[in-house]
Every structure is written in C-alpha cells, then in structure tokens.
Amino acid sequence: KPRRQRGAQKGITQAMLLLFAVLALIFSANGFETSIPSVTPPSLRPAMEGYRPYMELFVTGSLEYKCSTTGTAAWVASKTQGDLVMKPLVVGQISGVNPKFTLYDGSILVGTPVDSASSPNGDNNLPWVWMTGVASGEAGQLSSATHILRGETVGGVVDVAECKTAGAVQNATFTAIYYFFTPIPQVPSTTPTELAAEIVGEPFAKLLATGVRNYKCIQEDSVFTWSEQTTVADLKFNTTLDAVIGKYYGFTWNFTDGTTIVGDRVNKQPSPEGKLNIPWAFYEVELDSEPLGKFSRTTSILRAETIGGGVPTAVCETGVVGKTTAIDFTASFYMFETDNGVCISFFFFLFSSAPLHTSTEINCPPFS
C-alpha cells in the first residue's frame, strides 16, 4: 500500500486505541479504590498506620545482580529497570536499586527501604518492602506520596549457589505491585467549635498555601482602617514536594489539572494563635470548570493553621491613605468530600518519545 495510506491507517489505529483507553479509565474510575492485599505480612502493617494507599502501579521488569564473594558468597542487586503500568497503559518507568519512579506526567519519587518481609508466596519471590518516599519533579500523581509498599511479587530471585565468580552478573525478571501512600489528613484539635460543627464528611487531602494578603489604607468619614484587597498564594501538597499544584485567590482555588472551585464562606473564626493571623474559615464549594480533575470531588474546605496575613500593625492615617501593603502568610486547607460520585478521570494525551505521554493525568479518586 502507498506509504501515505499506511500512515493514515496507523494514525487511525493509534487514535482508536487511545480512545478505548480513555473510555475504559473513565468508566472504571468511579469504582476505583486502592487497598493493600489481605495477605500483606503482619510485620509491615504497623508502619502503615496513619497512611492510606491512593494509587497502585503494576511493574514488570528485571533485576540485575552482581556476585560478591567477600565473606559469604551472595548476589547483590545492582540495577532495577521496568515499566510502570496503570492498566492498560504504560505510565512511567522504574529504575535504580533504591527504586526511582518516573511518570510521564513529570512527577518523580525515590524510595528508601525501611522494612521488609518474606513473600507470602515463598522465598522464590522478592520480599515485600515498606519504603519512605521523597517526591520531586513536576506536580503529578506521585506528588502526594510519602511511602511505598512493594507487594504481590513474583520472581526476581537468583540462586545463591550459582554465585562463584566475583563480579559475575545475572538477571532475574519479576512482577510486582507498588502501592503509593499519603498521610491521612487529621483536622487540627484546636479547630474552633463553631467551625468543627460545619464539617461534614472526611478530608481527602491537605494542602499548604504560601502567599500574601494585600491591604489598603482607606478613610471613611473620619475613620481610618486597613481594608483587605486581594489574596494570592501558591498551593502545594503538604509533603516534601516543592512543585506548585495550583493557586488560591481568596474564594477561588485554581489547580494545574484544570479544576477550578469557588468557595462560599459560611463561617469564620479568629485564629487560635491571635489576630496577627488570618482567621480560620469554613467554605462550601461549587465546581466551576471542565475537565473534572483531582479536586472536583471537593464539597467543602476548612482553612486552618494560619500564620501571618492579619491586619497590618502599621498605623493607617492621613499620610498613608491610598497606600497598600502586603502581609505574608501560610495556611492549611483541608479538602472535604461527601460523595465520590462527581469525580471522573480525564486524560490529555500528547505524543512524545515515550509510548504514551500524559501531560495531565488525573486518577480518580486520587487520595483513597
């Protein structure tokens, strides 16, 4: 067939495969819940308290071992490589002995093993491992992960009896499922009673805001006062990640996944730490955007743990009228949900050197 015709047919086939993948993810997303297997070794479970898995990725890969004859002969893992799969799509790569997870959405997570246990399926399979995780790169699916569990391992082990020559190399293929955990948000115990009474549902995420609140000195009749003008802050996951995932503008939260939610403040209380800090507040929210993303499930928000941002201590007087001042602040936002049903998955697909490049990848629900 002519090259142009073959190219067109190939393009149509790729488009159909992508459409199928999107539809499969959209219709399966609302029922998606991640939980650890019932056969998880008991010795690993205590470390998981206070955290919950929000995503799982299937790995098919290989481990490279080098023979060490120093002391007792043993195979020492020297390299890991494999694909990260969110069925049916390859969404990233795993590499390194201390595993480095790199997703096509730009997010990166490096794991450090802290505990392990033998596989419930026998010693011919890699042990299950509990790891801490340090996130970096761009804001994405791995941004909120602080811990990882390697489980459901099959293969990946070599016979120690074959380690006879120092430096010899042997490879072993394996499969495993990696579970990514995030801290379970806990509403501060110092939350004013009036705000606590407004809360319905459970927080599914905690965000850190860092920004400024702007004030203007105004005069009304003979009264001088600092008037709140605008508020703007960067939003980040309250973890080790430094990537910005959105902006806060007082009553609006704009996220990089395309979600915009607007808050209606229904209650406001002074900060327990004093008037130099922005008041704590409770908002009911409505969705104001397409596509529906990570935070489209939000039904209410608690602003808490505010530091700074309060009314300026400088005197507002005749010579100052009309002047503005910016006051730095930080705050925590607890994102609540009462119904998972409004959230769907939506993917923007871009072609790149990777098999499939997800510029914006939204897994729903992302935190439970």
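Residue numbers run consecutively from 1 along every chain, following the written order of its sequence. In keeping with the model being predicted, local features are shown solely for residues with a pLDDT of at least 70 and side-chain atom pairs are shown and tallied solely at 80 or more, while totals for entire chains, interfaces and linings include all residues. With hydrogens and water set aside, each side-chain value is computed from the structure's full complement of heavy atoms.

Engineer: Outline the state of the cysteines, listing residues and values.
Structural biologist: A disulfide bridge is the covalent bond that connects two cysteines by way of their sulfur atoms. The rule for a disulfide is simple: a pair of cysteine sulfur atoms within 2.5 Å. Tallied over the full model, the rule gives 2 disulfides. Note that Cys67 is cross-linked by a disulfide to Cys163, the S-S spacing being 1.9 Å. Note on the Cys67 and Cys163 pair: the S-S dihedral is about 90°, so by sign convention the disulfide is right-handed. In this pair, Cys67 is assigned in strand 1 (residues 51–68) and Cys163 in the loop between strand 7 (147–155) and strand 8 (169–183), connecting sequence segments 96 residues apart. Across the pair, Cys163 and Cys67 agree in class, each one buried. The disulfide bridge from Cys217 ends at Cys316, spanning 1.9 Å between sulfur atoms. Around the S-S axis, the bridge from Cys217 to Cys316 shows a dihedral of about 85° and counts as right-handed. Of this pair, Cys217 sits in strand 9 (residues 202–220) while Cys316 sits in the loop between strand 15 (300–308) and strand 16 (324–337), placing them 99 residues apart in sequence. Secondary structure follows DSSP: runs of H or I at least 4 residues long count as helices, runs of E at least 2 residues long count as strands, and numbering of each begins at the N terminus. When a residue's accessible area, from a 1.4 Å probe over protein chains only, is under 20% of the maximum for its type it is buried; when over 50% it is exposed; and in between it is partly exposed.

Engineer: Just give me the short version of the sheet that holds strand 5 (residues 107–117), but keep the residues and values in it.
Structural biologist: Strand order around the closed barrel formed by 8 strands is 1-2-3-4-5-6-7-8, with antiparallel pairing between neighbours. This sheet shows a mean twist of 30° between the axes of neighbouring strands, independent of strand direction. We call two strands paired when DSSP finds no fewer than two bridges between them. Bridging between strand 1 and strand 2 (residues 74–86) involves 11 bridges; their strand directions are antiparallel. In the sheet register, Tyr65 faces strand 2, and the bridge partner there is Ala77. Angular values range over 0 to 180 degrees, each being the angle between N-to-C directions of two axes fitted as lines to C-alpha atoms, with helices fitted over their stretch in contact.

Don't take any of this as a statement about function, it's just geometry.
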